[in-house]
Amino acid sequence: MQTVWIKNDAFTSASAADIEAEDLLVANCLAAASQGDVSAYFDLGVAYSTGSHGAACDLIEAHKWFNLAAVAGHEEAATCRAEVADEMTAREIAEAQRRAREWLSASMRRAA
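Residues numbered from 1 in each chain as written. Predicted model: local features only at pLDDT ≥ 70, side-chain atom pairs only at ≥ 80, totals over all residues. Heavy atoms only, no water.

The next thing to look at is the overall build of the chain. The secondary structure content of the chain amounts to five helices and zero strands. Listed N to C, the secondary structure of the chain is α-α-α-α-α in terms of helices and strands. Counting over 112 residues, the chain shows a buried share of 36%. By element, 55% of the accessible surface of the chain is carried by carbon and sulfur atoms, the whole surface being about 6,800 Å². (Helix = DSSP H or I, 4+ residues; strand = E, 2+ residues; numbered from the N terminus. Buried < 20%, exposed > 50% of the residue type's maximum accessible area, 1.4 Å probe, protein only. Areas by Shrake-Rupley, 256 points an atom, 1.4 Å probe, with all protein chains shown as cover.)

Structure, rendered in structure tokens:
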């Protein structure tokens, strides 16, 4: 699955259809991520790091998704993970790493 993010102008009001479409983008990425889609991991990192596409800004979640994408070989993910980490405490980074390990563990259980 290839996801294309559309940047909305922050100064225009979003319609209910726009909000629903953004929520659907995150939902589709989560579904693709559950199937191991590396691009979806990266796209979720972008959404959480910027607070866009129906996702609240959450640097712990952003770091988790960028970490998963980097481990899976996504070229830009490690750089994005480092940029996000610069804005986080050591405790937040540890939590992000714990969540990434938890995601991998749950994914392996589903695959088995």
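Right, let's get into the confidence of the model for the chain. Model confidence for the chain is summarised by a mean pLDDT of 85, while 78% of its residues fall at 70 or above. Low pLDDT, under 50, characterises residues 1-12; the predicted model gives this stretch 18 contacts beyond four residues in sequence or across chains. (pLDDT = per-residue confidence, 0-100. Contact = heavy atoms within 4.5 Å.)

For the rest of this paragraph, the subject is the nonpolar core. With 25 residues, the main nonpolar core has Ala 33, Tyr 41, Leu 44 and Trp 65 as its most contacted residues. For this core, the elements supplying multiple residues, two or more each, are helix 1 (16-34), helix 2 (38-50), helix 3 (59-71), helix 4 (77-85) and helix 5 (90-111). With seven residues, the single largest contributor to this core is helix 3. With residues up to four places along the chain from it excluded, the contact list for Trp 65 reads Leu 30, Ala 33, Tyr 41, Leu 44, Gly 45, Tyr 48 and Trp 103. (Core = buried A, V, L, I, M, F, W, Y, C linked by side-chain atoms within 4.5 Å.)

Before going further, it helps to spend a moment on the pattern of salt bridges. As enumerated under the stated definition, the model contains five salt bridges in all. Two residues, Arg 99 and Glu 95, come together in a salt bridge whose shortest N-O distance is 2.9 Å. Here the residue Arg 99 and the residue Glu 95 both occupy positions in helix 5, the gap between them amounting to four residues, near one helical turn. Residue Glu 95 is classed as partly exposed on the basis of its relative accessible area, which comes to 23%. Of the charged contacts in the structure, one is a salt bridge between Arg 98 and Glu 102, with a shortest N-O distance of 3.1 Å. Here Arg 98 and its partner Glu 102 are both found in helix 5, four residues apart, which amounts to about one turn of the helix. Shared partners join several salt bridges into a network, and the residues in it are Glu 61, Lys 64, Glu 95, Arg 98, Arg 99 and Glu 102. (Salt bridge = Lys/Arg side-chain N within 4 Å of Asp/Glu carboxyl O.)

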